[in-house]
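Commentary on secondary and tertiary structure
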Amino acid sequence: GAVVSQHPSWVICKSGTSVKIECRSLDFQATTMFWYRQFPKQSLMLMATSNEGSKATYEQGVEKDKFLINHASLTLSTLTVTSAHPEDSSFYICSATAGSSGANVLTFGAGSRLTVL
Amino acid sequence: AQKITQTQPGMFVQEKEAVTLDCTYDTSDPSYGLFWYKQPSSGEMIFLIYQGSYDQQNATEGRYSLNFQKARKSANLVISASQLGDSAMYFCAMREGRGAQKLVFGQGTRLTINP
């Protein structure tokens with residue numbers, strides 16, 4: 001089945017530094033990838049939709065200059081949290097789709113837990 | 001307005017019993033899809049079951065079934081013969097529009113199975 005790999009699975013960084021999270025589709029080409037954020041005991045909130053070769057579409061309230069998304073190839077999307085602060089500490093999850101319709105074409109990565117000190 | 005509503009923050013069920021997790025949705029689009037995901041403490045999102053808005057029959061996947069009541073806009077998940085490993089967060093999600101891909105999630109229900 002479709003597999004999405006996310007790296008790193010957890011990261012601790014100092015306030016003010018930038019952190020990059022990678023999302024890779026291992027056995028299919030992902031025309032679209034989605035980045036979600038999940039705070040403790042809360043639901044997943046969509047941050048942005050990433051389309052290969054074009055600019056990401058950000059949801060309302062998500063700062064595009066703070067959360068840089070790059071989808072340079074059909075198998076890789078990256079999320080960079082720039083100048084991270086403690087309030088950015090969260091669980092970030094990506095999902096990917098090959099673009100066809102259907103039931104379970106959205107495959108999720110295992111998530112990346114970011115802690116900003 | 002909330003697109004997906006899960007009114008049960010937590011559920012406690014005895015092992016081997018059946019459990020129903022509630023989900024209601026709000027959309028004016030005639031074409032939509034409803035999903036249930038399980039999220040154990042490790043954080044991964046595990047797909048359980050899908051129901052399309054035009055599907056005539058309720059979806060079933062092993063011990064999981066979806067009680068789809070279109071007029072009431074509800075899509076409850078039924079887990080039969082619950083097991084200790086079913087303890088997790090459960091999220092209902094919706095995808096609106098033909099060809100759309102992004103999912104909107106409900107608040108989730110934490111299910112605890114007691115031995």
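These numbers were taken from a predicted model, which means no experiment stands behind them. (Residues numbered from 1 in each chain as written. Chains lettered and ligands numbered in written order. Predicted model: local features only at pLDDT ≥ 70, side-chain atom pairs only at ≥ 80, totals over all residues. Heavy atoms only, no water.)

Before going further, it helps to spend a moment on the overall build of chain A. When you go through chain A residue by residue, the secondary structure sums to zero helices and eleven strands. Written out in order from the N terminus, the α and β elements of chain A read β-β-β-β-β-β-β-β-β-β-β. Its C-alpha atoms give chain A a radius of gyration of 13 Å, near enough to 13 Å, the size a compact globule of 117 residues would have. Seen along its three principal axes, the alpha-carbon backbone of chain A occupies a region of about 40 × 25 × 25 Å. Within the span of chain A, comprising 117 residues, buried residues form 49% of the whole. In the form shown here, chain A has an accessible surface area of approximately 5,700 Å², with 52% of it arising from carbon and sulfur atoms. Within chain A, the 8 negative side-chain charges are centred at a point lying 5 Å from the centre of the 9 positive side-chain charges. (Helix = DSSP H or I, 4+ residues; strand = E, 2+ residues; numbered from the N terminus. Rg over C-alpha atoms; globule rule 2.2 N^0.38 Å. Buried < 20%, exposed > 50% of the residue type's maximum accessible area, 1.4 Å probe, protein only. Areas by Shrake-Rupley, 256 points an atom, 1.4 Å probe, with all protein chains shown as cover. Lys, Arg positive; Asp, Glu negative; His and termini not counted. Charge placed at Lys NZ, Arg CZ, Asp CG, Glu CD.)

On to the side chain of glutamine 8 of chain B. Within the fold, glutamine 8 of chain B resides in the loop between strand 1 (4–5) and strand 2 (10–14). Among the polar contacts listed, one links the side chain of glutamine 8 of chain B to the backbone oxygen of threonine 20 of chain B, at a separation of 3.5 Å. (Polar contact = N/O pair within 3.5 Å; in protein donor to acceptor, adjacent residues only side chain to side chain.)

Counting residues at the interface gives 17 residues for chain B, matched by 21 residues for chain A. Summed over both sides, the interface of chain B with chain A buries roughly 1,500 Å², with 58% coming from carbon and sulfur. The interface formed by chain B and chain A holds one salt bridge in total. Among the salt bridges present, the one from glutamate 59 of chain A reaches lysine 102 of chain B, with a minimum N-O distance of 3.2 Å. For the side of chain B that touches chain A, the secondary structure elements donating two or more residues are strand 5 (32–39), strand 6 (46–52) and strand 10 (88–96) of chain B. For the side of chain B that touches chain A, the per-class residue count stands at eight nonpolar, six polar and three charged. (Contact = heavy atoms within 4.5 Å. Buried area = accessible area lost by both parts, 1.4 Å probe. Salt bridge = Lys/Arg side-chain N within 4 Å of Asp/Glu carboxyl O. Nonpolar A, V, L, I, M, F, W, Y, C, P; charged D, E, K, R; others polar.)

On to the pattern of salt bridges, then. Residues and elements named next belong to chain B. Enumeration over the complete set of coordinates arrives at six salt bridges over all chains. With a closest N to O distance of 4.0 Å, aspartate 26 and lysine 73 form a salt bridge. With aspartate 26 in the loop between strand 4 (24–25) and strand 5 and lysine 73 in the loop between strand 8 (64–69) and strand 9 (74–79), the pair connects residues that are 47 residues apart, well separated along the chain. Look at lysine 73 and you get partly exposed, because its relative accessible area is 29%. Residues aspartate 86 and arginine 63 are paired through a salt bridge, measuring 2.8 Å at the closest nitrogen-oxygen approach. You can see aspartate 86 sitting in the loop between strand 9 and strand 10 and its partner arginine 63 sitting in the loop between strand 7 (60–61) and strand 8, a full 23 residues away along the chain. Look at arginine 63 and you get partly exposed, because its relative accessible area is 22%.

Moving on to the pairing of strand 9 of chain B. Residue and element names in this part refer to chain B. Where burial is concerned, most of strand 9 is hidden: five out of the six residues are buried. Alignment of strand 3 (residues 19–21) against strand 9, held across three bridges, turns out to be antiparallel. Its bridge partner lying in strand 9, leucine 21 is registered against leucine 77. Bridge analysis of strand 8 against strand 9 gives six bridges, and the strand direction is antiparallel. For serine 65, the partnering residue across the bridge sits in strand 9 and is valine 78. (Pairing = 2+ DSSP bridges.)

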